[in-house]
Amino acid sequence: MAKSATPADLQIKPRDLHIDREAPTPRWWLNGDSFGTAVMNALSLTFPDGERFFIQSVKRFAKDAPPALAADIRAFTVQEGAHTREHMAFNAITERAGYDTAEIEAYVTARLDIARARPALAQLAATMALEHFTAAFAHRLLADPELLKGSPHDLARLWRWHSIEEIEHKGVAYDVFLHATRYLSPLKRWRIRRWAMFLTTLLFTRTVRETTFMLLKQDGIVGWRARLGLFRWLWLKPGLYRRMIGDYLAFYKPDFHPWQIDDRDLIADAEAGLAQPA
């Protein structure tokens, strides 16, 4: 197997957070911003089916994994399962705020069904790429607290908790990919990885864009107003994609590994905040 850069002392520890299912929540819960709220709601609506896809993709290669990697896969599975549960609860809050989410969920399932029809290694490669997106997103949410400014306490806790665990297990799918491709040359492995990220970028960005537009339409925000507002939020202010671009591009380096950036300091700081009362 190619050498992993995952820290030897890393512990992937599931945390059993539960959000308040009945708390009253503003329709535009992200600081009253319709565009930021729509992006975050759209992302959450992709998570339950997406995380089930991640779990299935990784577990297919667990049978002959080395003991340490097998333990990481088990912890990854537990964490992702809890994320699925809590984002289903969050999505129910989105529905109670007045949004019809059925069309979005069907759209996400259809997109993932395309991925599910591909060979197991291709599904694993897609998972590895998407996990890099979620880790980069998680890093930004923890490093830039203003991204969640004005959010209800419980919802901010949900996103920070999710971000903590996404950072913590960010190397698992990558290490499983290294194990699954251990008989390939580094050059061939790099080619697979680059192609997987290119295709996944197209899938991910289009899915975020289209599902966000579906939500904005229900707020009467359509056409150039929707396109301009979404562009502004993603690229200008607060500029989520702009803030992520360096982390994203690092994936294309031949010698890349997610743990070349050890951001466990963000986990420690955010964990302290999870325990704080509202």
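Residues numbered from 1 in each chain as written. Predicted model: local features only at pLDDT ≥ 70, side-chain atom pairs only at ≥ 80, totals over all residues. Heavy atoms only, no water.

Student: I'm lost on the overall build of the chain in this one. Help?
Tutor: In terms of helices and strands, the chain carries 10 helices and zero strands. Beginning at the N terminus, the succession of helices and strands in the chain can be written as α-α-α-α-α-α-α-α-α-α. Compactness check: the chain gives a C-alpha radius of gyration of 18 Å against a globular reference of 19 Å for 278 residues, within 12% of the reference. With respect to the principal axes defined by its C-alpha atoms, the chain has extents near 55 × 40 × 30 Å. Among the 278 residues that make up the chain, the fraction classed as buried is 53%. (Helix = DSSP H or I, 4+ residues; strand = E, 2+ residues; numbered from the N terminus. Rg over C-alpha atoms; globule rule 2.2 N^0.38 Å. Buried < 20%, exposed > 50% of the residue type's maximum accessible area, 1.4 Å probe, protein only.)

Student: Honestly, helix H2 (residues 67–96) in this entry has me stumped. Any pointers?
Tutor: For the α-helix, the turn length of 3.6 residues means that residues three or four positions removed from each other point alike. In this model H2 runs 44 Å from its N-terminal to its C-terminal C-alpha over 30 residues, within 8% of the 44 Å that 1.5 Å per residue would give. Immediately downstream of H2, the backbone of Gly-98 shows phi near 110°, a positive value. (Expected span 1.5 Å × (residues − 1).)

Student: Even after reading the chapter, I still don't get unusual backbone geometry, so can you show me in this structure?
Tutor: Residues Lys-237 and Pro-238 are joined by a peptide bond in cis, for which omega reads 5°. Along the chain, Pro-238 falls in the loop between helix H8 (223–236) and helix H9 (240–250).

Student: Help me understand the layout of surface pockets, please; the structure alone is not making it clear to me.
Tutor: Gaps left between atoms show up when a probe the size of a water molecule is rolled over them. Empty space within the largest pocket amounts to approximately 400 Å³. As for the largest pocket, its lining consists of 16 residues, and the residues nearest its centre are Ala-115, Arg-118, Ala-126, Leu-199 and Thr-200. Within the residue set of the lining of the largest pocket, elements represented by two or more residues are helix H3 (102–116), helix H4 (120–143) and helix H7 (186–218). Looking at which element gives the most residues to the lining of the largest pocket, the answer is H7, with seven residues. Partitioned by chemical class, the residues of the lining of the largest pocket number 12 nonpolar, two polar and two charged. Of the pockets and cavities examined, the second largest pocket occupies roughly 280 Å³. Listed by contribution, the elements that provide at least two residues to the lining of the second largest pocket are H7, H8 and H9. (1 Å grid on protein atoms, 1.4 Å probe; cavity = no way out; pocket = protein on both sides within 12 Å on 5 of 7 lines; lining within 4 Å. Points joined across faces, edges and corners; volume = space filled by probe spheres on them. Nonpolar A, V, L, I, M, F, W, Y, C, P; charged D, E, K, R; others polar.)

Student: Teacher, can you tell me more about a negative patch on the surface here?
Tutor: Residues Glu-95, Asp-100, Glu-103 and Glu-105 make up a contiguous surface patch of negative charge. Note that Glu-103 resides in helix H3. (Patch = residues over 30% accessible without salt bridge, like charges linked within 9 Å, V, L, I, M, F, W, Y side chains within 5 Å. Areas by Shrake-Rupley, 256 points an atom, 1.4 Å probe, with all protein chains shown as cover. Salt bridge = Lys/Arg side-chain N within 4 Å of Asp/Glu carboxyl O. Lys, Arg positive; Asp, Glu negative; His and termini not counted. Charge placed at Lys NZ, Arg CZ, Asp CG, Glu CD.)

Student: Would you take a moment to explain the nonpolar core for this structure?
Tutor: Buried together is how nonpolar side chains tend to be arranged in soluble globular proteins. Counting 83 residues, the largest nonpolar core has Met-40, Leu-43, Phe-137, Trp-159 and Val-176 as its most contacted members. In contact with Trp-159, other than residues within four places in its own chain, are Trp-29, Met-40, Leu-43, Ser-44, Phe-47, His-87, Phe-90, Phe-137, Leu-141 and Leu-148. (Core = buried A, V, L, I, M, F, W, Y, C linked by side-chain atoms within 4.5 Å. Contact = heavy atoms within 4.5 Å.)

Student: Would you mind going over the side chain of Thr-84 with me for this structure?
Tutor: The topology assignment puts Thr-84 in helix H2. A relative accessible area of 7% places Thr-84 in the buried class.

Student: Honestly, the packing of aromatic side chains in this entry has me stumped. Any pointers?
Tutor: Here the distance between the centres and the angle between the planes together describe a pair of aromatic rings. Summed over the entire model, instances satisfying the criterion amount to 14 aromatic pairs. Centre to centre, the rings of Phe-251 and Phe-256 are 5.3 Å apart; their planes meet at 50°, and the pair counts as tilted. Of the two residues, Phe-251 and Phe-256, neither departs from the other in class, the shared state being buried. Linked through ring pairs, Phe-133, Tyr-174, Phe-204, Tyr-248, Phe-251, Tyr-252 and Phe-256 together constitute an aromatic cluster. Between Arg-27 and the ring centre of Tyr-99, over which it is positioned, the NZ or CZ distance is 3.9 Å. Just above the ring of Trp-259 sits the side chain of Arg-264; from NZ or CZ to the centre is 5.9 Å. (Phe/Tyr/Trp six-rings, centres within 6.5 Å; stacked < 30°, edge-to-face > 60°. Lys NZ or Arg CZ within 6 Å of the ring centre and 35° of its normal.)

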